[in-house]
Amino acid sequence: MHFPARPADFAGFIHRSGTDLVDGHGTALLMRGMGIGNWMLPEGYMWKFGPGAESPREIEALTERLLGENSAKFWAGFRANFFAESDVQRIAESGFDHIRLPINSRLLIDDAGTLLEAGFAMIDDVIRWCRSHRLWVLLDLHGAPGGQTGTNIDDSPHNKPELFMDARYRHLTLTLWGEIARRYADETVVMGYDLLNEPIPNEWTELYNPDLALLYQQLTRVIREVDQNHLIMYEGSHWATNWEIFDGVWDDNSCLQFHKYWSPPDTATIQKFLDAREALGLPIYMGEGGENNLEWLYTAWRLYEGNNIGWNFWPWKKIDTATSPASIRLPARWHELVEHVAGGPAPIKAQSIFDELLENMKLENCQWRPEVIQAITAVEPQEIPAWGFGFRGRGESFETSSATPLAAMRDTDAVTIRYAESATRDGHWFEHTDGRDYSESERMVVDLVAGDWLEFELSGPVDVARVTVDDAPLSVVIEPSERGFRVTALSAVTVARLRIDQ
């Protein structure tokens, strides 16, 4: 069984219609996409590197130190092998409708303002591949000139958000977006323009929030001078979670984007985004999330879809991972590089380590992890937590006769969720970036009494005979429902998780 095919339609531009995104025919879309992190902007954590090799500049310095004149050859191989048409084809075959392409400005424009055609050629290749395999492309400025975050994820020169400190960088950013809009103004494969990834987090938020709002409006004017067609996306500050600046509609064809990691997958954590959608009448989009275990992924993605929020998963591929669909097999001596970054000796014959990496990163050589796709798409997911029932409210997603909700975890739903092991804890712990399962002290269960029921949502029908509840207790009955299947208690029962036999 596959996620229902969602091929893009390029007969017109994706655009805003009220609080919906619609295609050129006016058909409402629930966007389901994949983020291509690391290709145009390498991030050290995806290489298992720590401090000293976390930003693109630092990783490039590492390869120059170890490979010398062969460093440029390595990066050419990286660009060719890490993300190619075969990756686009697999994403499309898996049922997605778009990709989000993170861009490092250093590939498109230098400090003197000279445009770099090699970088634009990479974007053109992606557009060509996506046209062939019917995916839209969201262009995301992940690393703006000078850096918009002040952290390693934007490739800032001095780990400061110098985009907001130096007028020269603002000018370069305006120039760059103007050129992107000019080049792609008539390209319907392009879904839209994601102006800045996760700008001004942490201590920079309050200091530069007004400057961010002003820059967004300036960028909008520059883009609209040459492109009246494309959707413009604005991300909030502080990792795209602070939406205080969005107090009005800056452009009629716009959308607001948030990101979500490692927090409770419940309505309360996204309520401020839902409220903004209602107040401003704009579409909202979950543009980046993931890096978690299967139970969290399944539940968070049902939260988005249950609230009519399109989404993009992060990321498609990285080294030795359980949390991405494509896992690059670890080169045999990769630990020597990791130890060198941490202060150890330089590995002997480092070239062979990097050569093995280049070969391993080709999609056909990666370890394929279908369980990640199954969790986010709800196509026969391997396991579903009992607390991952739908988010459509009483009578739609659950019915209970009485309940004791768990504080700060789905506590607006009248369902008894509790920890399997009684313990005193300070909040909930959802940061499972390695994809590991919940420990017994972290595991939550749901208590039901006779007549209570929960609905679990799937993409497409499933034979309920293949669904098991824990050790298949006789105290529940499982039946097909409108959006998946329903578990009804025949007597008092505690449910931890459900499985669909593969």
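We now turn to the structure provided with this report. (Residues numbered from 1 in each chain as written. Predicted model: local features only at pLDDT ≥ 70, side-chain atom pairs only at ≥ 80, totals over all residues. Heavy atoms only, no water.)

## Things to note about the packing of helix H9 (residues 294-306) against helix H12 (residues 370-377)
In step 1: Their axes nearest at 7 Å, the elements H9 and H12 cross at an angle of 30 degrees. When the axes of H9 and H12 are compared, the pair comes out roughly parallel. On the side of H9, the interface is formed by Leu294, Leu297, Tyr298, Trp301 and Arg302, while H12 contributes Glu371, Val372, Ala375, Ile376 and Thr377.
In step 2: Here the residues of the contact of H9 with H12 sort into 7 nonpolar, 1 polar and 2 charged. (Axes fitted to C-alpha atoms, helices over the stretch in contact; angles between N-to-C directions. Helix = DSSP H or I, 4+ residues; strand = E, 2+ residues; numbered from the N terminus. Parallel < 35°, antiparallel > 145°, perpendicular 65-115°, else oblique. Contact = heavy atoms within 4.5 Å. Nonpolar A, V, L, I, M, F, W, Y, C, P; charged D, E, K, R; others polar.)

## Some words on the pairing of strand S24 (residues 497-500)
In step 1: Two strands pair when backbone bridges link them, and strand S15 (residues 383-385) and S24 are joined in this way by 3 bridges, in the antiparallel orientation. Across the sheet, the residue bridging to Ile384 is Leu498, located in S24.
In step 2: Relative to S24, strand S20 (residues 467-469) runs antiparallel, the two being bridged by 3 bridges. By the bridge assignment, Val469 is partnered in S24 with Leu498. (Pairing = 2+ DSSP bridges.)

## Details of the pattern of salt bridges
In step 1: Throughout the structure, instances matching the rule amount to 37 salt bridges.
In step 2: Between Asp125 and Arg128 there is a salt bridge, with its nearest N and O atoms 2.9 Å apart. One end of the pair is Asp125 and the other is Arg128, both in helix H4 (residues 117-133) and 3 residues apart, which spans about a single turn.
In step 3: Residue classification places Asp125 among the partly exposed residues on the basis of a relative accessible area of 30%.
In step 4: The exposure class of Arg128 is partly exposed, given its relative accessible area of 42%.
In step 5: Lys318 is the salt-bridge partner of Glu291, the closest N and O atoms lying 2.9 Å from each other. Here the residue Glu291 occupies a position in the loop between strand S10 (284-289) and H9, and Lys318 occupies one in strand S12 (residues 317-319), the gap between them amounting to 27 residues. Pair check on accessibility: Glu291 and Lys318 agree, each one buried. (Salt bridge = Lys/Arg side-chain N within 4 Å of Asp/Glu carboxyl O. Buried < 20%, exposed > 50% of the residue type's maximum accessible area, 1.4 Å probe, protein only.)

## Thoughts on the sheet that holds strand S13 (residues 326-328)
In step 1: Taken in spatial order, the 3 strands make up an open sheet running S12-S13-S14, and their pairing is mixed. Two strands in the sheet have a free side with no partner beyond their single neighbour: S12 and strand S14 (367-368).
In step 2: Pairing analysis gives 3 bridges linking S12 to S13, with the strands arranged parallel. Along S13, the bridge assignment pairs Lys317 with Ala326.

## Observations concerning the nonpolar core
In step 1: Counting residues in each nonpolar core, the largest one holds 140 residues, and the members touching the most others are Trp47 and Phe83.
In step 2: For Trp47, the contacting residues outside a window of four places in its chain are Asn38, Pro42, Ile59, Phe74, Trp75, Phe78, Ile319, Trp334 and Leu357.
In step 3: Core analysis: the next-biggest nonpolar cluster, separate from the first, contains 12 residues, Leu21, Leu138, Cys255 and Tyr285 among them. (Core = buried A, V, L, I, M, F, W, Y, C linked by side-chain atoms within 4.5 Å.)

## Some thoughts on the pairing of strand S8 (residues 231-235)
In step 1: For S8, the tally of buried residues reaches 5 of 5 residues, placing the bulk of the element in the interior.
In step 2: The alternating pattern of S8 places Leu231, Met233 and Glu235 on one face and Ile232 and Tyr234 on the opposite face, and all of these are buried.
In step 3: In the sheet, strand S7 (residues 190-194) pairs with S8 via 3 bridges, with the strands oriented parallel. Paired with Gly192 across the strands is Leu231, a residue of S8.
In step 4: As paired elements, S8 and strand S9 (residues 254-260) share 4 bridges and run parallel to each other. Counted as the bridge partner of Glu235 is Gln257 from S9.

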